[in-house]
Amino acid sequence: MLHMFGNDWDDILKEEMEKPYFKELMSWLDVEYEQHTIYPPRDLLFQAFRLTPYSEVKAVILGQDPYHGAGQAEGLSFSVQPGVKVPPSLRNIYIELQEDTGAPIPKHGSLVSWGKHGVLLLNTALTVRAGQAASHRGKGWEKFTDAVIRLLNERPKPIVFILWGNHAAEKEVLINTEHHAIIRSAHPSPFAARKGFFGSRPFSRTNDFLTEQGQQPIDWTIPELT
């Protein structure tokens with residue numbers, strides 16, 4: 001378990017990862033990875049934490065499960081691996097990004113650059129069986145990711161929590177809204193995007209808050225892959 005993330009998350013999450021439920025979850029996952037096709041690949045399981053150290057988190061974008069199609073999930077909420085077709089929800093995020101900030105829409109669906117710029121792309125469950133949405137819910141991941149949100153909530157430097165859809169909004173109870181900012185809207189999925197996601201301007205609003213707090217705004221522009 002030591003140095004699982006390679007940054008300050010190792011110390012921050014050490015206590016949580018020593019709890020019996022987490023050890024049980026990891027043992028159960030060993031078997032799942034052995035017997036089934038599980039996404040994301042094991043080496044990308046904690047990618048969100050590796051890309052965005054605790055001390056550098058400026059914003060959190062909360063998703064539910066990883067994508068369950070072949071080659072999609074890369075351990076970051078809403079993000080897909082390079083070379084994979086951009087999913088509908090992410091397409092809508094890109095439309096809103098361009099409307100809100102003027103940033104060009106990239107030809108790929110990898111949000112690694114956001115992770116490197118202080119956006120923690122966290123799913124509430126970090127794994128899923130191929131082709132079976134929600135198959136790893138209720139196994140312990142929610143307990144772990146709730147702990148992550150609580151630990152972020154304790155941080156003195158304010159963070160913006162971007163909560164899209166009802167599932168993400170349930171996490172609001174874990175956040176001190178007098179200290180941190182919450183930007184809530186409908187989910188960017190094709191079923192809900194027109195019910196309040198489009199026009200919600202989460203990217204510029206996040207930067208407005210960070211600037212007010214004396215922090216550097218996030219560069220939301222996603223570079224093309226070379």
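Cut-offs and rules
Residues numbered from 1 in each chain as written. Predicted model: local features only at pLDDT ≥ 70, side-chain atom pairs only at ≥ 80, totals over all residues. Heavy atoms only, no water. Buried < 20%, exposed > 50% of the residue type's maximum accessible area, 1.4 Å probe, protein only. Helix = DSSP H or I, 4+ residues; strand = E, 2+ residues; numbered from the N terminus. Pairing = 2+ DSSP bridges. Expected span 1.5 Å × (residues − 1). Contact = heavy atoms within 4.5 Å. Axes fitted to C-alpha atoms, helices over the stretch in contact; angles between N-to-C directions. Phe/Tyr/Trp six-rings, centres within 6.5 Å; stacked < 30°, edge-to-face > 60°.

A.B. asks: Even after reading the chapter, I still don't get the pairing of strand β2 (residues 59-63), so can you show me in this structure?
C.D. replies: Within a regular strand, the side chains alternate between the two sheet faces. When you tally the buried positions in β2, you get 5 out of 5 residues, the bulk of the element. The two faces of β2 match: Ala59, Ile61 and Gly63 on one face and Val60 and Leu62 on the other face are all buried. Bridge count for β2 against strand β5 (residues 160-164) is 4 bridges, and the pairing is parallel. Its bridge partner lying in β5, Ile61 is registered against Ile162.

A.B. asks: Is there a simple way to explain helix α5 (residues 88-101) in this structure?
C.D. replies: It helps to recall that an α-helix has 3.6 residues per turn; residues three or four apart then point in one direction. Between the first and last C-alpha of α5 there are 20 Å, a value that for 14 residues agrees with the 20 Å anticipated at 1.5 Å per step. When α5 is considered as a whole, its buried residues turn out to be Ser89, Leu90, Asn92, Ile93, Tyr94, Glu96, Leu97 and Asp100. Close packing links the buried residues of α5 with α6 (112-116), β5 and α9 (202-212). Backbone geometry just downstream of α5 places Gly102 in the positive-phi region, at approximately 80°.

A.B. asks: Looking at this model, I keep getting lost on the sheet that holds β5. Mind explaining?
C.D. replies: Adjacent strands of a sheet pair through backbone hydrogen bonds, lying either parallel or antiparallel. Pairing in this open sheet of 4 strands is parallel, and the strands run β3-β2-β5-β6 from one edge to the other. At either end of the open sheet lies a strand with only one pairing partner, and these are β3 (119-123) and β6 (181-185). Mean inter-strand twist for the sheet, computed between neighbouring axes without regard to direction, equals 20°. With 5 bridges joining them, β5 and β6 adopt parallel strand pairing. The residue bridging Leu163 from the neighbouring strand is Arg184, located in β6. Strands in contact with helix α7 (residues 141-153) are β2, β3 and β5; relative to β3, the strand with the most contacts, it is inclined by about 155°. Taken strand by strand, α9 contacts β2, β5 and β6, and its axis lies near 160° from that of β5.

A.B. asks: What's the story with the packing of aromatic side chains in this structure? I'm lost.
C.D. replies: Note on aromatic pairs: each is described by the distance of the centres and the angle between the planes. This structure, assessed with the given rule, holds 18 aromatic pairs. Centre to centre, the rings of Trp9 and Tyr54 are 5.2 Å apart; their planes meet at 80°, and the pair counts as edge-to-face. Placement of the pair is Trp9 in helix α1 (residues 9-12) and Tyr54 in the loop between α4 (47-51) and β2, with a sequence separation of 45 residues. Here Trp9 and Tyr54 have matching classes, each one buried. Taking 4.9 Å as the distance between ring centres and 70° as the angle between the ring planes, the aromatic pair formed by Phe203 and Trp220 counts as edge-to-face. Here Phe203, found in helix α9, pairs with Trp220, found in the segment after α9; they are 17 residues apart in sequence, far enough to count as distant. Since its relative accessible area comes to 3%, Trp220 is described here as buried. Three or more aromatic residues joined by ring pairs make a cluster, and in this case those are Phe5, Trp9, Tyr21, Phe22, Phe46, Phe49, Tyr54, Trp141 and Phe144.

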